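# Structural overview for review
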Amino acid sequence: MPVITHIAYREKSSAKLIRRGTWLVIMLASLFATAFPALADKRVALVIGNSAYQSAPKLSNPANDSEAMSGTFKAAGFDVVEFKRDLKASEMRRALRDFSDTVRDADVAIIYFAGHGIEIDGTNYLVPSDAVLERDIDAFDEAIPLERLLSVIEPAKKLRLIILDACRDNPFAKSMRRTVASRNIGRGLAKVEPGSPNTLIAYAAKAGSTALDGDGRNSPFTAALVKHLPKPGLDLRKAFGFTRDEVLKVTNNKQEPFIYGSLGGEDFALVPPPAVQRDPAQAVRGDYELAERVGTREAWDSFIATYPDGLYAKLAGAQRNKLVAEQSRLAAVEKARRLQEEQARLEAESARASAEAKAASDARAAEETRIAAEKRKALEQAKLAEAQRAKEKSVEEGRLTAERRSKLENEKAAEAERARLEKAARTAEDARIAAENARVAAEAKTMRQKLASERERLLAEAKAAEDARIRAEAAAKAAEQARAAAAKLAAAEEAKAARRLDEKPTELAALALPGQAADGAGAPSLNPDLVKSLQAQLRKVGCSTASATGEWSAPDQRALALYNKNANTRFDTRVASLDALQSLRDQTTRICPLICERGFKIDGDFCVKITCKEGYELSTNNSCERVIVKKRKKESPGVESGPARARPPALTTQPAPAQTKPNTSQSVGAIYSKCRAQAMAAGHGGAGRDRSGANFGRIDACIRNGGRI
């Protein structure tokens, strides 16, 4: 029995090997796997190239770079190479999710990305083709963090590699708004240290610097990678080292690729070294030993077909004949065993059939007895159920009759109560409507009286204002006539005073009598409640920023004028009218544009104060400018600062004594007018008394003291 089991095991193994291929293929595959264990590993790669950016300038090289790297991985014999171009954010996340399923049973996993990459507060992001990135926080939704790529390749058993040709200058940095002023947006990508062993991250440029696109079809970094990575037997670390040297040379030391992470001491080549040729005799012997280990007729047939002559061919033939004889003997033994087993099986089946027939007969009799008993029991139960149903039906009919009677009584009582309540509600509603109508009529009458009174008051105020304006104009005309007469008299007095002041410099200037300016008729006093309501509505539509005070002032008039301009209305800005208030109440949105005062800037619907850093100040155009300190020029001694004053050619001048030198920043005419007014006030005289010697003495002393008596 052990011999039969051993032969059956060998036949089963032989059939399994035959299904997988010929002996020669098995031998070569085994030899190849022994020579290059790396080929037995499952290697997968994901290649992404984003060139056609929708909100940034288009990149020409990523499409070519990704195509070149995809071809490199395929030529290196990778089991899976997924090649994607111009992926949007959703497509990029889906590609990474699908690739994570591929990486689960892989030994080597590589992700290559060419396109834009950015760094915000130390976190690196890969930018999809549809990213807009108006604000820094948009990167959370529109970009892919580098940590996600690391989590995707984490299940790989031997090597995890990420290659990023994405260290270009950030095209979104100038337009991206910072939600937090201290948030940093760096150049290139930030430094990263992988947490898993046997993990490498290769940058096209060192952290904090940017990479160049180059002038050729591919970027300098990818061109060097395609050249050195596929070299047979070259360790990855050396391949990246040669890539670094070549990029530094091509870019004149402007771009230095960098690798983060570490590998173990064993060399790892992307492409294995070429196979070593064996000695023919040694090969025949090794194949003979391999066929002997397999030990099947097909293995010996394959060996004899490969090596038909020689000692090993004869030995193989003898082994084959021996195996055939043994197989024939075992076949005869197996045939006898099968005949014996078949006979025993037939006898057992005959006995089993007899037992099954008897058991079936007994089962049929028992089943018939059981069915008869069940029929009798079901008939009895049906009678009991019928009686129970009749009893329950009688009880239910009595209950339903009682419920219907009770329901009818309740409905009658409810109907009567509902009619009573409705009548009371109608009476109350009629009383309420009558009271409401009376109240509304009283309020309308009061409002009409109030409006009539307000209209009469406004008309009276307007008439009074017009009368005051007419009186002011008449007073102004009279004042002008008096001023002209006084001017003639003052001219004569000034000429006389100038002749007496031979030691003072003189100037001729026109003199004007002090008068009271006519400001016209003032605005009529308005209803404070109406003014407050109008001020609040102007603030609501964005035409005013002042609070409601109840006084109609110049800023309120300007606000109403601004509303007229933006709403195409023509309300009188001098008064607060009910028509203007009603028009403002009908507005539901902002009408006037937001205008910020000096020192503030617009931020959405608010004015935000402008803060300048040290060394800068707010200029007239509302921007921060550097403060420039001008050195004061040294003045020459004896030269008076300020513009030179022209002197009348017809008058002679003589310098005054030092103690009585007048203020030269004022004209002589202005000093004289000031001194004349002071002299008149001191002498309690009018214009007719200016000719007196006392007044002239006071004026003379005042001029000598620089305009002070």
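What counts, and at which threshold
Residues numbered from 1 in each chain as written. Predicted model: local features only at pLDDT ≥ 70, side-chain atom pairs only at ≥ 80, totals over all residues. Heavy atoms only, no water. Helix = DSSP H or I, 4+ residues; strand = E, 2+ residues; numbered from the N terminus. Buried < 20%, exposed > 50% of the residue type's maximum accessible area, 1.4 Å probe, protein only. Contact = heavy atoms within 4.5 Å. Areas by Shrake-Rupley, 256 points an atom, 1.4 Å probe, with all protein chains shown as cover. Disulfide = S-S within 2.5 Å. pLDDT = per-residue confidence, 0-100. Pairing = 2+ DSSP bridges. Axes fitted to C-alpha atoms, helices over the stretch in contact; angles between N-to-C directions. Expected span 1.5 Å × (residues − 1). Arc of directions from axis to C-beta. Polar contact = N/O pair within 3.5 Å; in protein donor to acceptor, adjacent residues only side chain to side chain. Salt bridge = Lys/Arg side-chain N within 4 Å of Asp/Glu carboxyl O. Phe/Tyr/Trp six-rings, centres within 6.5 Å; stacked < 30°, edge-to-face > 60°. Core = buried A, V, L, I, M, F, W, Y, C linked by side-chain atoms within 4.5 Å. Parallel < 35°, antiparallel > 145°, perpendicular 65-115°, else oblique. Left-handed = near helix turned anticlockwise from the far one by under 90°. Nonpolar A, V, L, I, M, F, W, Y, C, P; charged D, E, K, R; others polar.

This brings us to the overall build of the protein chain. Summing up its helical and strand segments, the protein chain has 16 helices and 13 strands in all. Scored against the burial criterion, the 709 residues of the protein chain give a buried share of 30%. In the protein chain, the share of contacts with a sequence separation of at least 24, taken over all contacts with a separation of at least 6, comes to 66%. For the protein chain, the accessible area works out to roughly 45300 Å², and carbon and sulfur atoms hold 55% of it.

Right, let's talk about the state of the cysteines for a bit. Applying the stated criterion across every chain yields a total of two disulfides. The residue that forms a disulfide with Cys543 is Cys592, at a sulfur-sulfur distance of 1.7 Å. Looking down the S-S bond of the Cys543 and Cys592 bridge, the torsion is 75°, so its handedness is right-handed. With Cys543 in the loop between helix 12 (528–540) and helix 13 (554–567) and Cys592 in the loop between helix 14 (578–585) and strand 10 (600–603), the pair connects residues that are 49 residues apart, well separated along the chain. Cys592 matches Cys543 in its accessibility class, with the two residues each being buried. Through a disulfide, Cys612 is tied to Cys624; the S-S separation comes to 2.0 Å. Around the S-S axis, the bridge from Cys612 to Cys624 shows a dihedral of about -85° and counts as left-handed. Taken together, the residues span a long stretch of sequence, with Cys612 in the loop between strand 11 (606–609) and strand 12 (616–618) and Cys624 in strand 13 (residues 624–626) at a distance of twelve residues. Cys612 sits in the partly exposed class, given a relative accessible area of 22%. Judged by relative accessible area, which is 33%, Cys624 ranks as partly exposed.

Residues of the protein chain with pLDDT of at least 70 account for 79%, and the chain-wide mean is 80. Across residues 1–39, where pLDDT falls below 50, the model places 31 contacts with residues more than four positions away in sequence or in other chains. Counting contacts from residues 684–692, a segment whose pLDDT is below 50, to residues more than four positions away or on other chains yields 17 contacts.

Our focus in this paragraph is the sheet that holds strand 1 (residues 43–49). Read across the open sheet, the six strands follow the order 2-1-3-7-8-9; overall the sheet is mixed. The open sheet terminates on both sides in strands that have one partner only, identified here as strand 2 (80–85) and strand 9 (258–262). For this sheet, the mean inter-axis angle between neighbouring strands, taken without regard to orientation, is 10°. Along the sheet, helix 4 (residues 89–103) contacts strand 1, strand 2 and strand 3 (108–114); its crossing angle with strand 1, the most-contacted strand, is approximately 170°.

Relative to strand 5 (residues 123–126), strand 4 (residues 117–120) runs antiparallel, the two sharing four bridges. Across the sheet, Ile118 pairs through a bridge with Tyr125, a residue of strand 5. Counting the residues in the hairpin turn of strand 4 and strand 5 gives two residues, including Asp121, whose phi is positive at 55°. Of the pairings in the sheet, the one linking strand 5 to strand 6 (residues 144–145) comprises two bridges and is antiparallel in character. If you follow Tyr125 over to strand 6, its bridge partner there is Pro145.

As a further point, take the sheet that holds strand 5. Taking strand neighbours across the sheet as the criterion, the three strands line up as 4-5-6 in an open arrangement whose pairing is antiparallel. Here the strands that pair on one side only, and so sit at the sheet edges, are strand 4 and strand 6.

Between its terminal C-alpha atoms helix 12 stretches 18 Å, which fits the 18 Å expected from 13 residues at 1.5 Å a residue. Looking at helix 12, one finds that the buried residues are Leu530, Val531, Leu534, Gln535, Gln537 and Leu538. Viewed along the axis of helix 12, the buried residues span an arc of 165°, placing them on a single side of the element. On its buried face, helix 12 sits against helix 13 and helix 14. The residue sitting at the N-terminus of helix 12 and contributing the capping side-chain oxygen is Asn527; that oxygen lies 3.2 Å from the backbone nitrogen of Asp529. Of the residues one or two after helix 12, Gly542 is the one with positive phi, at around 85°.

Turning our attention to the pattern of salt bridges. Opposite charge on two side chains lets them pair, provided their charged atoms get close. Counted according to the given criterion, the structure contains 35 salt bridges. Among the salt bridges present, the one from Arg244 reaches Asp245, with a minimum N-O distance of 2.9 Å. In this structure Arg244 comes out as partly exposed when scored by relative accessible area, which is 32%. The partner of Arg574 in a salt bridge is Asp572, and the shortest N-O contact between them spans 3.4 Å. Connected through salt bridges with shared partners, the residues Glu334, Arg337, Arg338 and Glu341 form a single ionic network.

With that settled, the discussion passes to the environment of Val250. Mapped onto the fold, Val250 is located in helix 8 (residues 236–250). In this structure, the C-alpha to C-alpha distance between Val250 and Pro220, residues 30 residues apart in sequence, is 7.2 Å.

Let us now look at the environment of Glu454. Mapped onto the elements of the fold, Glu454 is located in helix 11 (residues 311–500). The class for Glu454 is buried, based on a relative accessible area of 17%. Taking the C-alpha atoms as reference points, Glu454 and Asn527, separated by 73 residues in sequence, lie 7.8 Å from one another.

Applying the stated criterion to the full structure yields seven aromatic pairs. The interplanar angle of 45° and the centroid separation of 5.2 Å between the aromatic rings of Phe73 and Phe78 together place this pair among those described as tilted. Judged on exposure class, the residue Phe73 and its partner Phe78 are both buried. Ring centres of Tyr288 and Phe303 lie 5.8 Å apart, and the angle between their planes is 70°; on these two criteria the pair is classed as edge-to-face. With Tyr288 in helix 9 (residues 280–294) and Phe303 in helix 10 (residues 297–306), the pair connects residues that are 15 residues apart, well separated along the chain. These aromatic residues form a ring-pair network of at least three members: Tyr288, Trp300, Phe303, Tyr307 and Tyr312.

In terms of nonpolar packing, the biggest core is built from 74 residues, with Phe73, Ile110, Ile163 and Tyr203 touching the most fellow members. Among the nonpolar cores identified, the runner-up in size contains 16 residues, and Val531, Cys543, Trp552 and Leu560 belong to it.

Put simply, helix 9 and helix 10 touch, their axes get as near as 8 Å, and they point 165° apart. Regarding the angle of helix 9 to helix 10, the classification is roughly antiparallel. Helix 10 is crossed by helix 9, and the crossing has left-handed handedness. Contacts between helix 9 and helix 10 involve Val284, Asp287, Tyr288, Ala291, Glu292 and Val294 from the former and Ala299, Trp300 and Phe303 from the latter. Residue composition of the contact of helix 9 with helix 10, by class: seven nonpolar, no polar and two charged.

Taking 1.5 Å of rise per residue, 14 residues should cover 20 Å, and helix 13 covers 20 Å from first to last C-alpha, within 8% of that figure. Here the buried face of helix 13 lies against helix 12 and helix 14. Backbone geometry just after helix 13 places Asn568 at a positive phi near 60°.

Considering the arrangement of structural elements, one finds Ser583 in helix 14. At 2.8 Å, the side chain of Ser583 and the side chain of Tyr563 are in polar contact. Here Ser583 is in contact with Tyr563, Thr569 and Phe571, once residues within four sequence places are set aside.

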